[in-house]
Amino acid sequence: MVEIELDGKKVNVVEGSMVMHAADAAGTYIPHFCYHKKLSIAANCRMCLVEVEKAPKPMPACATPVTNGMIVRTKSDKAIKAQQGVMEFLLINHPLDCPICDQGGECQLQDLAVGYGGSSSRYQEEKRVVFHKDVGPLISMEEMSRCIHCTRCVRFGQEVAGVMELGMIHRGEHSEITTVTGNTVDSELSGNMIDLCPVGALTSKPFRYSARTWELSRRKSVSPHDGVGANLIVQVKSSKVVRVVPLDNEAVNECWLADRDRFSYEAVNSESRLTTPMIKQGGQWQAVDWNTALGYVADGLKRVKAEFGTSGIGALGSAHSTVEELHLLAKLVRGLGSENIDYRTRHADFGLEQGGVRWLGTSIASLSKLQRALVIGSFLRKDQPLFAQRLRQAARHGAHVHSLGAVNDDWLMPMGTRLVAAPSAWVSALAEVAAAVADATGAAWPLPEQNKVDPGEAARAIATSLLSGQQKAVLLGNAAAQHPQASQLLALAGFIARHTGATVGYLTEAANSVGAQLVHAMPREGGLNAGQMLSQPMKALLLLNVEPALDAADAAAATAALQASGLVVALTPFKDARVENADVLLPIAPFTETSGTFVNAEGRAQSFHGVVKPLGDARPAWKVLRVLGNLLGLDGFDHETSEAVRGEALGDAEAVVSKLSNEATPSAGLASGSADGLERLADVPIYSTDSLVRRATSLQLTADARPPVASLPSALWSALALKPGDRVRVSQGAATAVLPAVEDATLSSSTVRVPAGHDHTATLGAMFGALTIEKA
């Protein structure tokens, strides 16, 4: 530690810190623009000039290292005059248009100009003008004359997002921030540039000109999308959500948000919202009141139970639903005498959760400090942008990040060894890494001896890397969880982790994947799992935030099963929900209009309250399920608040921790999928993952929301004599789709990448099934 004197106070700071860090530790504010706690130091705005004793001129606090005995004055005449001089230069070219600027009222430059700016300008020459730029549907660069060249946005792209989409061209007063080649800004973290910009140069396009900051009320909330559980501040004007910004939480999302966390609020204000219960009569939808709708559902369930028993009654809930909603859905189905309840609509291996509640296996914050990581079956950058950002920070500090998958997609970070294999070969490829670890450590091979494999060079390189270093993790992604041999992948990952000193865990799919397991939203003995309920007709089926054609592992089978089912009840916020053959639509409130709890990947239960009243006659789903339970005459549906439901569902926090486990026993042999012919690799595009992002207008205009294409390996591309712009017919049995084709040289030779979760591919079959390709 080093002791310095700051404005007459003694301050102890870590050696190597800057004066700015010492000021932060002492609670002393030094004005600044380019400095940001999460970005590298640029020292180009000069606003933080302070007086350092014995220095010949004022020094930038953000770039001046502390030395023992240093004396710093931040409020002396010399410091104040230097800061005022910098402010005068910053305002020379800045337009005096605060009243019409979208940043007005929350602008760092505006705030500091009050304290350090002059009451009049000495500058008489013409101000410079910078031409506006169109960089996509999320960020507005209409007013680039306001830019003060702090380069926060440039450094964010390089250091956090991993891609330098913005840069500075020219010199002096001709400098300007631009995309250089005129491209759009397409990073899945791009919205953070809006928060970082200290002036009105980069603003939110969806929010632009819709409200002033002082008109907004602010409420804390939690993102309903991926397993991070990012903390939000939801801003409301006139009972309408108009903006979402991050709530700082170093342990969860730091100060960042993924774009889907930030902009998905548009869906809750969309024209597609369902505001009244609907019943289908004679093939036509009729609006009814709640009593009629719930009475119809209760009578229908009683009739099915009396006529067919409980074996044909089932429920599917989305893991984007809250703990309270999934708990009451499971309780309702079990109260009727059925075990047919599941949330794993995209899974193919339903034995995966036997043995414990699957979770990250470590804290989210620890991902930034890993020294070694093996990521299995993940489209990391798009599946979990904020987890990817943490691993990117680890890689920037020297971590070795290895991967096993069917494609070498760009994760925007320095990568170690990448194992590329068709999905059916993932188990044997991971077994090679396990064999290399066993050879190096002398550990007993966990499977029968005839299943032992000879590790290749890449597998040995990964094993050697994992056996070095201190903080290590083996992480399984969405594709590994959805894989037909998911249990075997977990067992082998666990063996590797155990013998290398690493943790093992899942980069969980949805906001409440862990919570869904905790409340047993899965069948017990004798119950049907999601795969069975979505491949055969049910006598009665309840759907909570589920659109089977888009959320199922086998979309074609799910659509056919639903068409042949009896009573289908959809609890959904949207009237255009993809629920073919539904008989009843019950309008439920999205996360902004209800209270509830999500349990994120690290097992952290985070509760939130509704920020606005439910739209129209929509109601929180937990209240709908509670009333339905009462109408069915079931016990235990007398909760008055969501807190009461949460208490019943989760118990105390210590009980939650004790249930988290990634232990798995290897199966007797190395079963693998068919390696004959071509296999499908199905990712779910980032803006197709759930019902909210599918209806967020601005997100659907981004590059990531473009219609899906069939990506073919180079050998297949050549064999079919394809050229750019051609289309191919993708077939899985009787299920077909015609898609544009692109060549992807990084794909394994027998794999074709065809995304799921999109209307254009909803006619196809299993996400990991065999397929055939022909030129269309």
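None of the values given here were measured: they were computed from a predicted structure.

**What to know about the overall build of the chain**
Okay, step 1: A tally of regular secondary structure across the chain gives 23 helices and 33 strands.
Okay, step 2: Over its C-alpha trace the chain gives a radius of gyration of 28 Å, about what one expects of a compact globule, namely 28 Å for 776 residues.
Okay, step 3: C-alpha extents for the chain along the principal axes are approximately 90 × 65 × 55 Å.
Okay, step 4: Looking at the 776 residues of the chain, the share that counts as buried comes to 60%.
Okay, step 5: When contacts within the chain are restricted to residue pairs at least 6 apart in sequence, long-range pairs at least 24 apart make up 73% of them.
Okay, step 6: Here the chain displays about 29,600 Å² of accessible surface, and carbon together with sulfur accounts for 51% of that area.
Okay, step 7: Looking at the chain, you have 72 positive and 80 negative side-chain charges, and the mean spots of the two groups are 4 Å apart.

**A short note on the environment of glutamine 471**
Okay, step 1: Of note, glutamine 471 is situated in the loop between helix H12 (457–466) and strand S21 (472–476).
Okay, step 2: Each C-alpha atom, one on glutamine 471 and one on leucine 367, is 9.1 Å from the other, the two residues being 104 residues apart in sequence.
Okay, step 3: Look past the residues within four positions of glutamine 471 in its chain and what remains in contact with it is Lys369, Leu370, Gln371 and Arg372.

**Considering the UniProt feature "domain: 4Fe-4S His(Cys)3-ligated-type" (unreviewed entry) in the chain**
Okay, step 1: Mapped onto this structure's residue numbering, the UniProt feature "domain: 4Fe-4S His(Cys)3-ligated-type" (unreviewed entry) falls at residues 78–117.
Okay, step 2: Helix makes up 60% of residues 78–117 and strand 0%, whereas the separation of the span's terminal C-alpha atoms amounts to 16 Å.

**A look at unusual backbone geometry**
Okay, step 1: A positive phi angle, near 50°, is found at aspartate 7, a position not held by glycine.
Okay, step 2: Mapped onto the elements, aspartate 7 comes out in the loop between strand S1 (2–6) and strand S2 (9–13).
Okay, step 3: The backbone of asparagine 545 sits at a positive phi, close to 60°, despite the residue not being glycine.
Okay, step 4: If you trace the backbone, asparagine 545 turns up in the loop between strand S23 (540–544) and helix H17 (548–551).
Okay, step 5: For asparagine 545, a relative accessible area of 18% corresponds to the buried category.

**Notes on the pairing of strand S30 (residues 727–732)**
Okay, step 1: Where S30 meets strand S31 (residues 735–743), six bridges bridge the pair, whose relative direction is antiparallel. Across the sheet, residue arginine 729 finds its bridge partner in S31, namely valine 738.
Okay, step 2: The sheet contact formed by S30 and strand S33 (residues 770–775) spans four bridges and is antiparallel. In the sheet register, serine 731 faces S33, and the bridge partner there is threonine 772.

**Some points on helix H4 (residues 152–161)**
Okay, step 1: Counting buried positions over the ten residues of H4 gives nine, a clear majority of the element.
Okay, step 2: Those residues of H4 that fall on the buried side of the exposure criterion are Arg152, Cys153, Val154, Arg155, Phe156, Gly157, Glu159, Val160 and Ala161.
Okay, step 3: Where H4 is buried, its residues touch helix H3 (108–116), strand S8 (167–169), strand S9 (176–178), helix H5 (192–196) and helix H10 (385–396).
Okay, step 4: Among the residues trailing H4, glycine 162 stands out with phi positive, at a value near 90°.

**Comments concerning the UniProt feature "domain: 4Fe-4S Mo/W bis-MGD-type" (unreviewed entry) in the chain**
Okay, step 1: Mapped onto the present numbering, the UniProt feature "domain: 4Fe-4S Mo/W bis-MGD-type" (unreviewed entry) falls at residues 216–272.
Okay, step 2: Between the end C-alpha atoms of residues 216–272 there is a gap of 25 Å, over a span that is 9% helix and 35% strand.

**Focus: the packing of aromatic side chains**
Okay, step 1: Enumeration according to the criterion identifies four aromatic pairs in this entry.
Okay, step 2: The interplanar angle of 75° and the centroid separation of 6.5 Å between the aromatic rings of tryptophan 445 and phenylalanine 495 together place this pair among those described as edge-to-face. Here tryptophan 445 is found in the loop between helix H11 (426–441) and H12, whereas its partner phenylalanine 495 is found in helix H14 (residues 486–500), with 50 residues between them in sequence.
Okay, step 3: Taking relative accessible area as the criterion, phenylalanine 495 reaches 2% and is therefore assigned buried.

**What to know about the nonpolar core**
Okay, step 1: With 95 residues, the main nonpolar core has Phe33, Met47, Ile139, Phe156, Leu166, Leu202 and Val241 as its most contacted residues.
Okay, step 2: Sorting elements by how many residues they give to this core places H10 first, with six residues.
Okay, step 3: Judged by nonpolar contacts, the second largest core, of 54 residues, contains Trp359, Met522, Leu571 and Leu634.

**Quick notes on the sheet that holds strand S4 (residues 59–60)**
Okay, step 1: Sheet architecture is open: five strands sit in the order S2-S1-S5-S3-S4, paired in mixed fashion. Two strands bound the open sheet, and with one partner strand each, they are S2 and S4.
Okay, step 2: Across two bridges, strand S3 (residues 49–52) lies against strand S5 (residues 71–73) in antiparallel orientation. Considered in S5, the bridge of glutamate 51 is made with arginine 73.
Okay, step 3: Packing of helix H2 (residues 77–92) onto the sheet brings it into contact with S3 and S5, and relative to S3 it is tilted by some 155°.

Reading the values: the criteria
- Residues numbered from 1 in each chain as written.
- Predicted model: local features only at pLDDT ≥ 70, side-chain atom pairs only at ≥ 80, totals over all residues.
- Heavy atoms only, no water.
- Helix = DSSP H or I, 4+ residues; strand = E, 2+ residues; numbered from the N terminus.
- Rg over C-alpha atoms; globule rule 2.2 N^0.38 Å.
- Buried < 20%, exposed > 50% of the residue type's maximum accessible area, 1.4 Å probe, protein only.
- Contact = heavy atoms within 4.5 Å.
- Areas by Shrake-Rupley, 256 points an atom, 1.4 Å probe, with all protein chains shown as cover.
- Lys, Arg positive; Asp, Glu negative; His and termini not counted.
- Charge placed at Lys NZ, Arg CZ, Asp CG, Glu CD.
- UniProt positions renumbered as here; feature names shortened; annotations may be inferred.
- Pairing = 2+ DSSP bridges.
- Phe/Tyr/Trp six-rings, centres within 6.5 Å; stacked < 30°, edge-to-face > 60°.
- Core = buried A, V, L, I, M, F, W, Y, C linked by side-chain atoms within 4.5 Å.
- Axes fitted to C-alpha atoms, helices over the stretch in contact; angles between N-to-C directions.

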